[in-house]
Amino acid sequence: MKSKTTSTILKGAVILSVTSLLVKILSAFYRIPFQNMVGNEGFYVYQQVYPIYGIAMTLALSGVPVFISRVIAEYDEPAERIMVARRLFSILLVVAWGLFAGLQLFAPQLASVMGDGGLTAEIRAATWLFVLVPFLAVSRGYFQGQLDMVPTSQSQLAEQVVRVGVILFAAYYGMQKGWSVYQIGTLAMFSATIAGLMAILILWRRFLPVMFMKVSRQHLISSMQLLKRLASEGLLICLVAAVLVLLQLVDSLTVVDGLRQFGLSFDAAKNVKGIYDRAQTLVQLGLVFSVALSTTLLPGLVATIQKGEHQRFQYLNRLFQKLNFALALTISIGLISVLSEMNTFLFGDAKLPIAISLYLLNVWLMALITMKNSILQSLNQQRRVAVAVISGLVIKSLLNSVAVAQFGVIGAAVMTNLALVCMLFVMYGGEVKHIVANTANWWFVGKLVVALVGMVGGVLIAKHTTMVLCHFTTFSRGQALVLVAVESLVGAFVFVGLSIWLKLFTKTELQTIPYLSTWLEKYRPHGGK
């Protein structure tokens, strides 16, 4: 029975992880054509309000459902699970609809704090998703609590496909009809509510009978107890799930006014914020690979915990953090090294290279935080994670306005990195040496630095060689694509070659990685060990 439960948990983890990866890919790529259609100012308008959508989605998808699934799983009787779901639905109805009413009422004031009164209608459009939160969160949490991940996965993927489709339609149709960027942004934000309704149709086709099933009065569950747990455990889970969104919210509230104090006009500040927001798209692209790594590795880590293999857990824990450390840092440095060409290809120009380069370090820092958070959560150490996240958010909130007023968007990028470093510092027990001790060792870091320097050198040589051979003095978007392709191939080849030569990872470590171990076994030399 235990083996069957473990198998179900692993299967469910894989289903949700693969779906999350697909959703992450969609979330990263749709912003590129959207920005190309609406320009820097249109992208600024969309990204200013995006954190409100992100918070609502955390409640509906990745935060509250996880909490609900844990509470549901504590009860063995179907009737008790149904009562828990109903009680939580009632509580969330009050909380989410209260947030909706408050944001609708104070949307003008929030837009004013953001430095742009024109965002009022878009803020109100984004907040409609809060109306759907109880319907989405409780149904997903109920199914996940019964180890049935299929409804959540289906609804999540359908929701994202519909939302992306509506956003791109809004951009294309609005530009054709001569709409303002604020009108386009408002329809783009309302796409989340349209997509949420699609998800509800998928989820409630199976969940509606549960909500109306007759249950004995003896199975009453205390609403006050559930409310207290939601306000403590549920809030902790949501905080962690919304780290980047909350940091982006601080930027939305402070960057435009900070840029005006820095000396820019209102229109110039909006344009610069729109260019700076491109970095979030590039970070999403980089994090796709980190999510892919977690998708591959974390189910195996869960399995060792379920089986009680503590020594195996410690070994895999250290190995996976080591792999994550190396891969995420390589992606960050790789993106920075081809940033000029990639920005030109994706967005038409290469403005704000320093600020965006600094922001791209988020890929590495967030990957470390995500992996460490998964491990701490599996060990029931959520409070340390919460303290870490709150500490980072406080630092960002207190210092961001001053940093932007003094250094422009470079200050905002530095403050985001500082906040993430603070979170890591707390997660790893307050000592820098623990970060290295838990992820790698100094000898490994030294070899990784050599491989990265070689990779950057290879990229620079490839860039200049290609520009000379192809007679590029400057480069168009098409030529930038050629440069990105050549530089990426050369950089990857050099990095892999140096990693093998330096023995960055041992053969035993590589054979531990799912799929790669199969490939190594298949293609190893005949008679090799």
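Above this text sits the structure in question.
Calculation rules
- Residues numbered from 1 in each chain as written.
- Predicted model: local features only at pLDDT ≥ 70, side-chain atom pairs only at ≥ 80, totals over all residues.
- Heavy atoms only, no water.
- Core = buried A, V, L, I, M, F, W, Y, C linked by side-chain atoms within 4.5 Å.
- Buried < 20%, exposed > 50% of the residue type's maximum accessible area, 1.4 Å probe, protein only.
- Helix = DSSP H or I, 4+ residues; strand = E, 2+ residues; numbered from the N terminus.
- Contact = heavy atoms within 4.5 Å.
- Axes fitted to C-alpha atoms, helices over the stretch in contact; angles between N-to-C directions.
- Parallel < 35°, antiparallel > 145°, perpendicular 65-115°, else oblique.
- Expected span 1.5 Å × (residues − 1).

Draft legend 1. Broad picture of the nonpolar core. Grouped together as the largest cluster of nonpolar side chains are 142 residues, with contacts concentrated most on F34, I68, L119, F207, L282 and L448. The biggest single contributor to this core is helix α2 (residues 31-62), with 16 residues. Once you skip the residues sitting within four places of it in the chain, L119 turns out to touch Y44, V45, Q48, V49, A111, M114 and Y182.

Draft legend 2. Region of interest: the environment of T281. Note that T281 resides in helix α13 (residues 278-307). In this structure the C-alpha to C-alpha distance between T281 and L360, which are 79 residues apart in sequence, comes to 9.9 Å. Contact partners of T281, with chain neighbours within four places excluded, come to A28, R31, I32, F43 and F347.

Draft legend 3. How the structure looks around the packing of α2 against helix α7 (residues 129-145). Their axes nearest at 7 Å, the elements α2 and α7 cross at an angle of 25°. Considering the angle they form, α2 stands roughly parallel to α7. Packed against α2, whose contacting residues are I52, Y53, I55, A56, M57, L59, A60 and L61, the element α7 presents L129, F130, V133, L136, A137 and R140 at the interface.

Draft legend 4. Spatial organisation of helix α8 (residues 150-177). Here α8 contains 28 residues, and its C-alpha end-to-end distance of 40 Å stays within 8% of the 40 Å for a straight helix at 1.5 Å per residue. With its phi angle positive at about 75°, G178 sits one or two positions after the end of α8.

Draft legend 5. Examining the side chain of T330 more closely. With respect to the helices and strands, T330 occurs in helix α14 (residues 310-337). Those residues in contact with T330 that sit more than four places away from it in its chain are L448, L452, M455 and F495.

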